[in-house]
Amino acid sequence: MRSGDLDRRVTLQRATSVQDALGEPIQTWADIATVWAKKIESRRQAREAPDAGEARAALTRRTFEIRWSTTVADLGPLDRLVFEGRIFDILGVSEIGRREGLSIEAVARAE
């Protein structure tokens, strides 16, 4: 993985539970890491099937490659990625080489 290809900043987040002022647990997202990434454009746009008369929503599918580290080694579909203010749900993560990098397949709804 060439350093010059990692030209985008992404923030990786994990769902976590914290307590509000009344002591009740609430779900929120906590940053795991902000890292340099390579964005790979997908040639196809995914489509979401309509539910109960809803209009079809275009989904933006992207692949991001990042360097492997112990901080992001357990990244998975329960986590999410933030890129240029858009939130991407992680569909899958695969290792590139032996602890060289991670390839993150992600999707974001059209706005």
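Residues numbered from 1 in each chain as written. Predicted model: local features only at pLDDT ≥ 70, side-chain atom pairs only at ≥ 80, totals over all residues. Heavy atoms only, no water.

Looking at the pairing of strand E2 (residues 25-41)
Pairing of strand E1 (residues 8-19) with E2 involves twelve bridges; the strand directions are antiparallel. Paired with Ser17 across the strands is Gln27, a residue of E2. Between E1 and E2, which pair antiparallel in sequence order, lie five residues; one of them, Gly23, sits at a positive phi of approximately 85°. (Pairing = 2+ DSSP bridges. Helix = DSSP H or I, 4+ residues; strand = E, 2+ residues; numbered from the N terminus.)

Describing unusual backbone geometry
The backbone phi angle of Glu84 is positive, close to 50°, even though this residue is not glycine. In this fold, Glu84 is placed in the loop between strand E5 (79-83) and strand E6 (86-96). Phi angles above zero are rare outside glycine, and Arg99 is one such case at about 60°.

Remarks on the side chain of Arg62
Of note, Arg62 is situated in strand E4 (residues 57-67). Using a relative accessible area of 14% as the deciding quantity, one classes Arg62 as buried. Reaching out from Arg62, the side chain makes a polar contact with the side chain of Glu41 at a distance of 3.5 Å. (Buried < 20%, exposed > 50% of the residue type's maximum accessible area, 1.4 Å probe, protein only. Polar contact = N/O pair within 3.5 Å; in protein donor to acceptor, adjacent residues only side chain to side chain.)

Let's talk about the pattern of salt bridges
What the rule picks out here adds up to six salt bridges. Notably, a salt bridge pairs Arg8 with Asp7, separated by 3.4 Å at the nearest N-O pair. You can call Asp7 partly exposed: its relative accessible area is 45%. A salt bridge links Lys39 to Glu41, with the nearest nitrogen and oxygen atoms 2.8 Å apart. We classify Lys39 as partly exposed; its relative accessible area is 21%. Here the salt bridges do not stand alone but share partners, grouping Arg14, Asp74 and Asp79 into one network. (Salt bridge = Lys/Arg side-chain N within 4 Å of Asp/Glu carboxyl O.)

Structural notes on the nonpolar core
Counting residues in each nonpolar core, the largest one holds 17 residues, and the members touching the most others are Val10, Leu12, Phe64, Ile66, Leu81, Phe88 and Ile104. At the level of elements, E1, E2, E4, E5, E6 and strand E7 (101-109) are the ones that each hand at least two residues to this core. Broken down by element, the residue count for this core peaks at four residues, all from E7. (Core = buried A, V, L, I, M, F, W, Y, C linked by side-chain atoms within 4.5 Å.)

Considerations on the confidence of the model for the protein chain
On average, residues of the protein chain score 86 in pLDDT, and 85% of them reach the 70 mark or higher. Looking over the protein chain, one finds the lowest element-wise mean pLDDT in strand E3 (residues 46-48), namely 52, and the highest in E5, namely 96. (pLDDT = per-residue confidence, 0-100.)

Some points on the packing of aromatic side chains
Per the counting criterion, the structure on display carries two aromatic pairs. Relative to Phe88, the ring of Phe64 lies with its centre 5.6 Å away and its plane at 80°, an arrangement referred to as edge-to-face. With Phe64 in strand E4 and Phe88 in strand E6, the pair connects residues that are 24 residues apart, well separated along the chain. Phe88 matches Phe64 in its accessibility class, with the two residues each being buried. By the ring-pair criterion, three or more aromatic residues cluster together here, those being Phe64, Phe83 and Phe88. We note Arg9 situated over the ring of Trp36; from NZ or CZ to the ring centre the distance is 4.5 Å. (Phe/Tyr/Trp six-rings, centres within 6.5 Å; stacked < 30°, edge-to-face > 60°. Lys NZ or Arg CZ within 6 Å of the ring centre and 35° of its normal.)

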